[in-house]
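Okay, here's what each chain looks like letter by letter:
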Amino acid sequence: MKLTVLGCYGPYPPGGGCCSGYLLQENNCNILIDCGNGVLSRLQEHLDYQDLDAVILSHLHADHVSDIMIMRYGLEIAYNRGERSEPLHLYAPDTPGEEFDRLPYKNAYTVKALQPGKELQVGPFAIRVRTGVHAVPSMAMHITSASGTLVYSGDTEYYPELEQFASGADLFLCEANFTEADIENGLPNHLSTAQAARLAAAAGVKKLLLTHHHPERDLTKSLKEAEKYFPAAEQAREGLSYDVAT
Ligand SMILES: [Zn+2]
Ligand SMILES: [Zn+2]
């Protein structure tokens with residue numbers, strides 16, 4: 001299983017950066033997880049977007065969704081030319097309803113609601129989701145194949161059940177938008193790098209990749225805060241690929 005970081009900033013990117021988007025590949029199956037602004041462009045440095053098997057959105061904030069509103073034009077053109085025989089499978093939480101209702105577009109997507117507790121199989125990947133704690137319902141994802149297990153936090157603030165959900169992951173891709181000072185100042189909706197690192201250590205994950213970087217925070221400093229609890233923590237970097245293996 002190979003994870004490529006296409007974009008890893010939020011709630012907006014710095015110059016030259018992109019918001020959330022991760023390409024997950026194994027055995028010629030290509031899944032895009034989140035599709036924020038800039039991700040469609042980055043994706044095409046690795047793959048023809050027409051070759052995606054599915055897109056899974058953790059939640060319906062614009063920094064995770066906005067390029068869905070652009071990719072649809074290319075998909076629709078290909079469908080009308082007869083170059084696609086079916087719409088692209090798109091999975092997302094169905095709340096807020098008005099955002100979910102904006103996802104379908106002509107023949108671009110088949111839109112389905114992500115359901116906690118129900119396993120979804122896409123190619124070699126078995127996918128479970130659970131709802132985190134965020135301003136809108138945001139899904140953590142547990143993705144397993146024959147080669148390993150990836151757990152992605154989605155956007156969330158701290159909640160204790162995330163430790164169990166991430167337990168034993170080969171790679172834990174965890175949002176860490178904030179610093180410890182942000183948490184002390186009471187900022188909601190996101191984790192700090194230290195919180196992510198404590199969760200990773202308690203869950204016994206093999207590798208921790210911190211993501212959803214805030215463009216206004218010092219990444220070197222926030223990594224140091226994580227290393228106190230998980231010495232091998234890494235900040236996700238756009239364009240890099242990571243092996244997920246047992
Ligand atoms: Zn976000
Ligand atoms: Zn969000």
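Residues numbered from 1 in each chain as written. Chains lettered and ligands numbered in written order. Predicted model: local features only at pLDDT ≥ 70, side-chain atom pairs only at ≥ 80, totals over all residues. Heavy atoms only, no water.

*Asks:* I tried to follow the sheet that holds strand E1 (residues 2-7) on my own but got confused; where do I start?
*Replies:* Sheet strands associate in pairs through backbone hydrogen bonding, adopting either a parallel or an antiparallel arrangement. Reading across the sheet, the seven strands line up as E6-E5-E4-E3-E2-E1-E14 and stay open at both edges, with mixed pairing between neighbours. If you trace the sheet from one side to the other, it starts and ends with strand E6 (109-113) and strand E14 (241-243), each paired once. Pairwise comparison of adjacent strand axes, ignoring direction, gives a mean angle of 20 degrees for this sheet. Taken together, the five bridges between strand E2 (residues 21-26) and strand E3 (residues 29-33) define a ladder with antiparallel strand orientation. By the bridge assignment for E3, Tyr 22 is matched with Ile 33. Across the sheet, helix H3 (residues 68-80) touches E3, strand E4 (54-56), strand E5 (88-92) and E6, and the angle it forms with E6 is around 140 degrees. (Pairing = 2+ DSSP bridges. Helix = DSSP H or I, 4+ residues; strand = E, 2+ residues; numbered from the N terminus. Axes fitted to C-alpha atoms, helices over the stretch in contact; angles between N-to-C directions. Contact = heavy atoms within 4.5 Å.)

*Asks:* What's the story with unusual backbone geometry in this structure? I'm lost.
*Replies:* Most of the time, phi is negative for any residue but glycine, and the peptide bond is trans. The omega torsion of the bond from Gly 10 to Pro 11 falls at 5 degrees, within 30 degrees of zero and hence cis. If you trace the backbone, Pro 11 turns up in the loop between E1 and E2. The backbone of Asn 27 sits at a positive phi, close to 45 degrees, despite the residue not being glycine. Along the chain, Asn 27 turns up in the loop between E2 and E3. If you check the backbone angles, His 212 has positive phi at about 55 degrees while not being a glycine. Looking at the secondary structure, you find His 212 in the loop between strand E12 (208-211) and helix H8 (219-227).

*Asks:* For this particular structure, what's the right way to read the coordination of the zinc ion (ligand 1)?
*Replies:* Each pair of donors in an ideal octahedron of six around a metal sits at 90 or 180 degrees, and each pair in an ideal tetrahedron of four sits at 109.5 degrees. In the first shell of the zinc ion (ligand 1), the protein supplies Asp 63 (OD), His 64 (NE2), Asp 155 (OD) and His 212 (NE2), at 2.1 to 2.2 Å from the metal. One can describe the site at the zinc ion (ligand 1) as irregular: its four donor atoms subtend angles covering 90 to 162 degrees at the metal. In terms of primary sequence, the donors binding the zinc ion (ligand 1) are separated according to D-H-x90-D-x56-H. Taken as a pair, the zinc ion (ligand 1) and the zinc ion (ligand 2) lie 3.4 Å from each other and share Asp 155 as a ligand. (Donors = N, O, S within 2.8 Å, 3.2 Å for Na, K, Ca; no water. Tetrahedral: all angles 85-135°; square planar, octahedral: opposite > 155°, others 65-115°.)

*Asks:* It is not clear to me how the packing of helix H7 (residues 193-203) against H8 should be interpreted in this structure. Could you clarify?
*Replies:* When two helices pack together, their arrangement is captured by the angle between the axes and the distance separating the axes. Running from N to C, H7 and H8 point in directions that differ by 30 degrees, and their axes come no closer than 7 Å. The angle between H7 and H8 falls in the class roughly parallel. Judged by the twist between their axes, the crossing of H7 over H8 is right-handed. Residues Thr 193, Ala 194 and Ala 197 of H7 form the contact with H8, whose participating residues are Ser 222, Glu 225 and Ala 226. In terms of residue class, the contact of H7 with H8 is made up of three nonpolar, two polar and one charged. (Parallel < 35°, antiparallel > 145°, perpendicular 65-115°, else oblique. Left-handed = near helix turned anticlockwise from the far one by under 90°. Nonpolar A, V, L, I, M, F, W, Y, C, P; charged D, E, K, R; others polar.)

*Asks:* Help me out: how do you make sense of the pattern of salt bridges in this one?
*Replies:* Side chains that carry opposite charge are capable of pairing whenever their charged atoms lie near each other. As enumerated under the stated definition, the model contains eight salt bridges in all. Here Arg 81 ties to Glu 83 by a salt bridge, and the two come within 3.6 Å at their closest N and O atoms. Take Arg 81 and Glu 83: they sit in the same class, and that class is exposed. Note that Glu 180 is salt-bridged to Lys 228, the shortest N-O span being 3.9 Å. One end of the pair, Glu 180, is in helix H6 (residues 180-184); the other, Lys 228, is in the loop between H8 and strand E13 (234-235), and 48 residues separate them in sequence. Salt bridges sharing partners connect three or more residues here, namely Glu 180, Arg 198 and Lys 228. (Salt bridge = Lys/Arg side-chain N within 4 Å of Asp/Glu carboxyl O. Buried < 20%, exposed > 50% of the residue type's maximum accessible area, 1.4 Å probe, protein only.)

*Asks:* Looking at this structure, how should I read the coordination of the zinc ion (ligand 2)?
*Replies:* Around the zinc ion (ligand 2), the protein supplies His 59 (NE2), His 61 (ND1), His 134 (NE2) and Asp 155 (OD) as donor atoms, at distances of 2.2 to 2.4 Å. Taken together, the four donor atoms surrounding the zinc ion (ligand 2) define angles of 88 to 171 degrees at the centre, an arrangement classified as irregular. All donors of the zinc ion (ligand 2) come from a single chain, and their spacing in sequence reads H-x1-H-x72-H-x20-D. His 61 sits in the partly exposed class, given a relative accessible area of 24%.

*Asks:* Please clarify how the packing of aromatic side chains should be interpreted in this entry.
*Replies:* Each pair of aromatic rings is reported with the distance of its centres and the angle of its planes. Following the criterion strictly, the structure yields two aromatic pairs and no others. Both rings, one in Tyr 73 and one in Tyr 105, keep their centres 5.7 Å apart while their planes meet at 90 degrees; by these two values the pair is edge-to-face. Within this pair, whereas Tyr 73 is found in helix H3, its partner Tyr 105 is found in the loop between helix H4 (97-100) and E6, the two being separated by 32 residues in sequence. For Tyr 73, a relative accessible area of 39% corresponds to the partly exposed category. Overall, the relative accessible area of 19% leaves Tyr 105 in the buried class. (Phe/Tyr/Trp six-rings, centres within 6.5 Å; stacked < 30°, edge-to-face > 60°.)

Read these as geometric descriptors, not functional statements.
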